[in-house]
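Inside the fold
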Amino acid sequence: MRALFCSFAFALTLFANTAQEAISLQLAWLHQFQSAGFYIALEKGFYQEKNLEVTLKEYDTNTQPTQDVLMGKSTYGVVNGSSLFLDRENQKPIVALMALFQSDPSVLISTNPSIKSPKDLKYKHIFMSDEDYRSVGILSMLMSYGVKREDLFLKAHSLKLEDLIKKKVDAMACYISNEPFFLSENNISYTILNPREYGFNFYGDVLFTSENELLQHPKRAKAFYDASKKGWIWAFEHIEETAQLIYDKYNTQHKSLEALIYEGQTLKELAFDAEGFFGTIKAKKFEEIANIYKVAGIMKNGNASLKEFVDPLFFAKEQVKIGVLTSRDESNSLSRSWDESAKYLSTLFPFQHFEVVPLTFEEIEGSVRDHEVEFVITNPMHAIQLEHRYGLGRIATLSLPYKNRYYSEYGSVIFTRFDATHISKYEDIKESKIGAVSPNSFGGYLLGMKELDIHSQQNVTFLGTHFNVIKAVLNGSVDVGIVRTDLIEQMVEEGFLNKDSIKVLGAKTYPDFPFLISTKLYPGWILAKASHTSETLSNDLLSTLLKLSTAPQKSLRYRITTTFDYSSVHNLLKEMHIYPYEQETFTLQDVYAKYKLPFLGLIVAFGLLLSFSLYIQFLHRKLKHYTQEIERFNETLEQEVNERTHELSLLNSKLKDLANVDELTKIANRRYFFLLATQYFYTAKRNNMPLHILSLDIDFFKNVNDTYGHAMGDEVLKSFCQTVQSTLRQSDIFGRIGGEEFCICVQNTSLEGVLILAEKIRKKVESTQGTLNNTKLPAITVSIGISSLHSNDHEIFDTIKRSDEALYKAKHNGRNQVQIV
């Protein structure tokens, strides 16, 4: 019986561990390719891999997706993005998770030969519900031609294409992925009025759920999101196989296999964003929807919180965690500053969400080991140790801001109370109580102990934080404290410490270093990548941080540099036998027994060296007098050199900006563009990443100068650069090569994405006409040539040469166009 009971208990435990969570999804319509990704996730076991049991609900006339989800009839749902936004505006607690279609497939189709544009729909009969009319794409298209709701004779949708074919109505609301196939198959002439072709491009179907589901089951929601997204990507990569699956198992509308394949191919063109990613959803697009609804009078105030409505848990973005060494009981300014920086970085990276995780010494090691963080910010000793244990890779050194300057080095401050008269030099400390941060603290322990030449922790009390060390010294708990440089100045500025209440032991000064310090200077804290973090993400982050470090803004409190030598830290760890350079202890007898003959040889050599040393001392006495005179001269000279060096440093900084930026357009000049593009070129070659060059030339710019003068031409150039710059990503490089010739370097983007970007730039330049003193600037157009990195390219100029050839082709073929070679 006991064995039977144990077997039964084991079975129950096994069942509990493997039981799947049951959820349901309400589809937007009848079964067709419109819901393909969900079928694939179910049939290929993607949901099962996430421990989910998913029921797919086909649409029927009684279905109200939003209400069904809020009432718990369905866990998730799919509706048109604009309808979902209106529901949120009406205070319904729903959240948008993923855009299935970046462009709405909804169109108007007419078989009436007299209808060629939206303006021809005035006073015509249309099969279109009020909900179809409120679809923001169709609404925008009609409004742009002055067609109002009262100008249309709307009829309830019969859902029968035959009514349109027999001209019972003038037009019908349709899906561009469905009805055109059947009309073409039957050789029926028709006109499509597609909002996208009129410049109105909004979301189609959007996956959503309730706020309650995200609040109570965030992990389940993330699992459903990931499995569904995986299913959609698979479906569009295998359209024919997916269409066959729908045809065999979900074909309630009895569509032909060819119709399903056509639907899949059409929807694929609408599903991916300009960068080639699936599922992207952005608040900005909903802001545009809100503006249109306000103009149309459908929405009054716009009360919906887009922050809580659009992917509030950042499912669409890759979670990137930055572990920052800090203390739980100390509000560390480093972690606070990087938390603000992480939020800003998240706005610059469309596909990553950065999060700062404050970690203690013990926690940070476990997080790196278990791949729980992608990046780490810690002291140099700790970084070197993590590098040896877990393959941590340094990518940058932090620079500390202080009074409008940045410092990449630091050390330790050894201090006591100002009234501690019995302690005035290092020798007075031998038997004193010493307060330090932690055995793992570089500036708060190790550097100070090295300076004091103390190798035992017997009289050391570890207090956990720099703040606690300073407090312990002031209240007399310890006699001497060791803290990192800049901490005392920081506490003085924040009003937590009176500088006159302490005195620094062994105080040192260094040129252009403003902090109190008792030790040598060592390289600052390290930003490093974990071993599992991709090189692409690491390079993108480094590139962005370097640009922000030189930009005239304060988005990041800390700046970074990539050129710093950490050999001094390695040498210190070797000298003090600290991991990874710890050594076994040898006695003198052990050394003599092992190295007897070399030891005797050293004694002989020492005798010879001693004789030579005595002779050198004799010469030294003769030179001492001359040396003292030279030293006095050198001191005076060194002071003058330091002053001149500081002046030259400031001048060089200004010259560097002038050397890198085009004075007129404020973008990269020719030299700096080629320098940055060359770095991108070798990074792309090394990591087998795509890289593209766009060569741009303003059409007939000479006519602008000849007609309006060079001053007006300069304003046109500045307006052109502002227009192009607003279209580019943070990581794209934009430079002026000469006159009206420009180049753009784009990395880590598909050729299709670059073509879309180039066409977007061309259209935006053509449609944008800047103003100067309320006077419109001359309208311009631009020709663009594109080339991609080839394996046989030896330098960036090989790629640029082909883009110039493509540009010549664009100009030769009539200008105002994009060409590629």
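In short, a report on the structure. Nothing here was measured: the structure is a model prediction, and the numbers come from that model.

Reading guide: rules and limits
Position labels on residues start from 1 in each chain and follow its written sequence. Where local features are concerned, this predicted model is filtered to residues with pLDDT of at least 70; where side-chain atom pairs are given and counted, the filter is 80 or more; whole-chain, interface and lining totals use all residues. Hydrogens and waters are ignored; side-chain quantities use all the structure's heavy atoms. Whether two aromatic rings pair depends on their centres lying within 6.5 Å, for rings of Phe, Tyr and Trp, where Trp uses its six-membered ring; planes under 30 degrees apart make the pair stacked, over 60 edge-to-face, and the rest tilted. Helix and strand labels come from DSSP, where a helix needs a run of H or I of at least four residues and a strand needs a run of E of at least two; each type is numbered from the N terminus. Only protein chains enter the area calculation, which uses a 1.4 Å probe; residues under 20% of their type maximum are buried, those over 50% are exposed, and those in between are partly exposed. Either the NZ atom of lysine or the CZ atom of arginine qualifies as a charge over a ring when it sits within 6 Å of the ring centre and within 35 degrees of the ring normal. Paired strands, as defined in this entry, are two strands with at least two bridges between them according to DSSP. Only the contacting stretch of a helix is used when fitting its axis, a line to C-alpha atoms as for every element, and angles between N-to-C directions run 0 to 180 degrees. In this analysis, two residues are considered to be in contact whenever any of their non-hydrogen atoms come within 4.5 Å of each other. An expected span of 1.5 Å times one less than the residue number is assigned to each helix. The term salt bridge refers to a side-chain nitrogen of Lys or Arg lying within 4 Å of a carboxyl oxygen of Asp or Glu. For classification purposes, angles smaller than 35 degrees are called roughly parallel, those larger than 145 roughly antiparallel, those between 65 and 115 roughly perpendicular, and all remaining angles oblique. Polar here means any residue outside two lists: the nonpolar Ala, Val, Leu, Ile, Met, Phe, Trp, Tyr, Cys and Pro, and the charged Asp, Glu, Lys and Arg; Gly therefore counts as polar.

Pairs of aromatic rings are described using the distance from one ring centre to the other and the angle between the two planes. Enumeration over the complete set of coordinates arrives at 34 aromatic pairs. When the centroid spacing of 5.7 Å and the interplanar angle of 85 degrees are considered together, the rings of F38 and W232 count as edge-to-face. Highlighted residues: F38 in helix α2 (residues 36-43) and W232 in helix α11 (residues 218-237), separated in sequence by 194 residues. Both residues of the pair, F38 and W232, belong to the buried class. Each member of the aromatic cluster is reached from another via a ring pair, and the members are F33, F38, F101, W232, F236, F272 and F278. For R389, the ring lying beneath its charged end belongs to Y579, and the centroid distance is 4.2 Å. Over the ring of F700 we find R815, and its NZ or CZ is 4.3 Å from the ring centre.

What follows is about the pairing of strand β23 (residues 526-529). Where burial is concerned, the two faces of β23 agree: the one with I526 and A528 and the one with L527 and K529 are both buried. By the bridge criterion, 4 bridges tie strand β13 (residues 375-378) to β23 in an arrangement that is antiparallel. Note on β23: the bridge partner recorded for V376 is A528. Here strand β14 (residues 393-402) runs beside β23; their pairing, made up of 4 bridges, is antiparallel. In the sheet register, R394 faces β23, and the bridge partner there is A528.

The subject of this paragraph is the sheet that holds strand β30 (residues 782-788). Judged by pairing direction, the sheet is mixed, and its 5 strands sit side by side in the order β26-β27-β25-β30-β31 without closing on themselves. Of all the strands in the sheet, just β26 (733-738) and β31 (818-820) have a single pairing partner and so form its edges. Going from strand to strand, the sheet's axes swing by 20 degrees on average, the running direction of each strand aside. Where strand β25 (residues 691-698) lies against strand β27 (residues 741-747), 7 bridges are found, and the strand directions are antiparallel. Counted as the bridge partner of D697 is E741 from β27. Sheet strands in contact with helix α26 (residues 670-687) are β25, β26 and β27, and its direction is about 135 degrees off that of β26. Sitting on the sheet, helix α28 (residues 710-725) touches β25, β26, β27 and β30, and the angle it makes with β26 is about 155 degrees.

Mapped onto the elements of the fold, V136 is located in helix α7 (residues 136-144). On the basis of relative accessibility, which here comes to 1%, the residue V136 falls in the buried class. Sequence separation of V136 and I364 is 228 residues, and the distance between their C-alpha atoms is 49 Å. The residues contacting V136, other than those within four sequence positions of it, are S82, F202, I289, I292 and Y293.

Okay, α26 next. The α-helix winds at 3.6 residues per turn, so residues separated by three or four positions along the chain end up facing the same way. Here α26 spans 26 Å end to end across 18 residues, near enough to the 26 Å set by a 1.5 Å rise per residue. Every buried residue of α26 is listed here: F673, F674, L676, A677, Y680, F681, T683 and A684. On its buried side, α26 packs onto α22 (535-550), β25, β26, β27 and α30 (796-812). At the C-terminal side of α26, N688 shows a positive phi close to 55 degrees.

Before going further, it helps to examine the pattern of salt bridges. Using the criterion set out here, one finds 30 salt bridges in the structure. For K230, the salt bridge identified is with E49, shortest N-O distance 3.4 Å. Separated by 181 residues along the polypeptide, K230 in helix α11 and E49 in helix α3 (residues 46-49) bring together distant segments of the chain. Accessibility expressed as a relative area gives 40% for K230, which makes it partly exposed. Judged by relative accessible area, E49 falls into the exposed class, the value being 56%. Through salt bridges that share partners, E21, E213 and R220 make up one connected network.

What follows is about unusual backbone geometry. A cis amide bond links Y579 with the next residue in sequence, P580, at an omega value of 10 degrees. The topology assignment puts P580 in the loop between α23 (567-575) and α24 (588-594). Of note in this structure, D486 is not a glycine but carries a positive phi near 85 degrees. Using a relative accessible area of 7% as the deciding quantity, one classes D486 as buried. Despite not being glycine, N773 shows a phi value in the positive range, around 55 degrees. By the secondary structure assignment, N773 is in the loop between β28 (771-772) and β29 (775-776).

At a minimum axis separation of 5 Å, α11 and helix α12 (residues 239-249) run at an interaxial angle of 110 degrees. Judged by the inter-axis angle, α11 sits roughly perpendicular to α12. Residue-level inspection shows W234, A235, F236 and E237 of α11 in contact with α12, the latter providing I239, E241 and T242. Looking at the contact of α11 with α12 residue by residue, the class counts come to 4 nonpolar, 1 polar and 2 charged.

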